[in-house]
Amino acid sequence: VGDRLDAVMLRTPGPEFSDFRARLDLLMDDHPRARQLLYAATVALCSDQARLAVNHGRAVVIDRYLASTQVYAGLRGTPLSLLEFARDLVKPDLTVFVVCEDEVRRQRMAARGVFTAEDERSLQSAAALRSAYLKELDGEVLVLDSTNEGVGSLTERVLARLHAPANPSLWR
């Protein structure tokens, strides 16, 4: 989708955290509130980057955002309320929530070559995780089941939604 829109591609946490993310996760494994705040800080950084890009007329696609931080904090049993924090973040025009059958998800995670304890926890709580995401997501949400659909088909569905006449504010 990002390529088709010539969008600025962002994710949380961003690539600048790649070198030490695993170490921070391990360090904060027994400190879920600190971990949630660390991930929230990466969301704030991403929001600032997105705001700058939008102010320069660019479309932005973000892989994971505040809902992900909140849902995983809830999965760990310690969701702090970040309502005040969230008010200052860039709001998405559309959130695309991609789901698939649990066994397909497990296979895709294993194919990445890295399968963490967090991945296993998320698989064990898959139904609760999906439900929590759907409660946490705000604004317009497009849920796509990728179990039997490829990236190309999913991309076309997202682009069709973005360019639907009911969404003129999404045309950029």
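Our subject is the structure that appears above.
Computed from a predicted structure; not experimentally measured.

K.L.:
So what's going on with the nonpolar core? Residues and values would help.
P.N.:
Counting ten residues, the largest nonpolar core consists of L10, A40, V43, C46, A50, Y65, L66, L82, A86 and L89. Here the element with the most residues in this core is helix α3 (residues 32–55); it accounts for four residues. In this structure, A86 is in contact with L66 and K91, ignoring residues within four places of it in sequence. Y72, F97, L129 and Y133 belong to the second-largest nonpolar core, a separate cluster that totals eight residues.

K.L.:
Describe the packing of aromatic side chains, naming the residues involved and giving the relevant values.
P.N.:
By the definition in use, this model includes three aromatic pairs. Here F17 and F20 contribute two aromatic rings whose centre-to-centre distance is 5.7 Å and whose plane-to-plane angle is 65 degrees, an arrangement assigned as edge-to-face. Relative accessible area serves as the criterion here: at 38%, F20 is assigned to the partly exposed category. On the numbers, 5.0 Å between centres and 35 degrees between planes, the contact of F97 with Y133 is tilted. Here F97 is found in strand β3 (residues 95–99), whereas its partner Y133 is found in helix α8 (residues 126–136), with 36 residues between them in sequence.

K.L.:
Can you break down the packing of α3 against helix α4 (residues 66–75) residue by residue, with the values?
P.N.:
Interaxial distance between α3 and α4 falls to 9 Å at its minimum, and their mutual angle equals 175 degrees. One finds that α3 runs roughly antiparallel with respect to α4. Judged by residue contacts, Q36, Y39, A40 and V43 of α3 engage L66, T69, Q70 and A73 from α4.

K.L.:
Give a description of the environment of G113 that names residues and reports values.
P.N.:
Topologically, G113 is positioned in the loop between α6 (102–111) and α7 (117–124). Since its relative accessible area comes to 62%, G113 is described here as exposed. For the pair G113 and E16, spaced 97 residues apart in sequence, the C-alpha to C-alpha distance is 21 Å.

K.L.:
Requested: an account of the pattern of salt bridges, with residues and values cited.
P.N.:
Applying the stated criterion across every chain, the model contains 14 salt bridges. Residue E120 is joined to R106 by a salt bridge in which the shortest nitrogen-to-oxygen separation is 3.3 Å. Separated by 14 residues along the polypeptide, E120 in helix α7 and R106 in helix α6 bring together distant segments of the chain. Each of R21, D25, D29, R35 and R121 takes part in one network of salt bridges that share partners.

Definitions and limits used
- Residues numbered from 1 in each chain as written.
- Predicted model: local features only at pLDDT ≥ 70, side-chain atom pairs only at ≥ 80, totals over all residues.
- Heavy atoms only, no water.
- Core = buried A, V, L, I, M, F, W, Y, C linked by side-chain atoms within 4.5 Å.
- Buried < 20%, exposed > 50% of the residue type's maximum accessible area, 1.4 Å probe, protein only.
- Helix = DSSP H or I, 4+ residues; strand = E, 2+ residues; numbered from the N terminus.
- Contact = heavy atoms within 4.5 Å.
- Phe/Tyr/Trp six-rings, centres within 6.5 Å; stacked < 30°, edge-to-face > 60°.
- Axes fitted to C-alpha atoms, helices over the stretch in contact; angles between N-to-C directions.
- Parallel < 35°, antiparallel > 145°, perpendicular 65-115°, else oblique.
- Salt bridge = Lys/Arg side-chain N within 4 Å of Asp/Glu carboxyl O.

These values are about where atoms sit, not about what they do.
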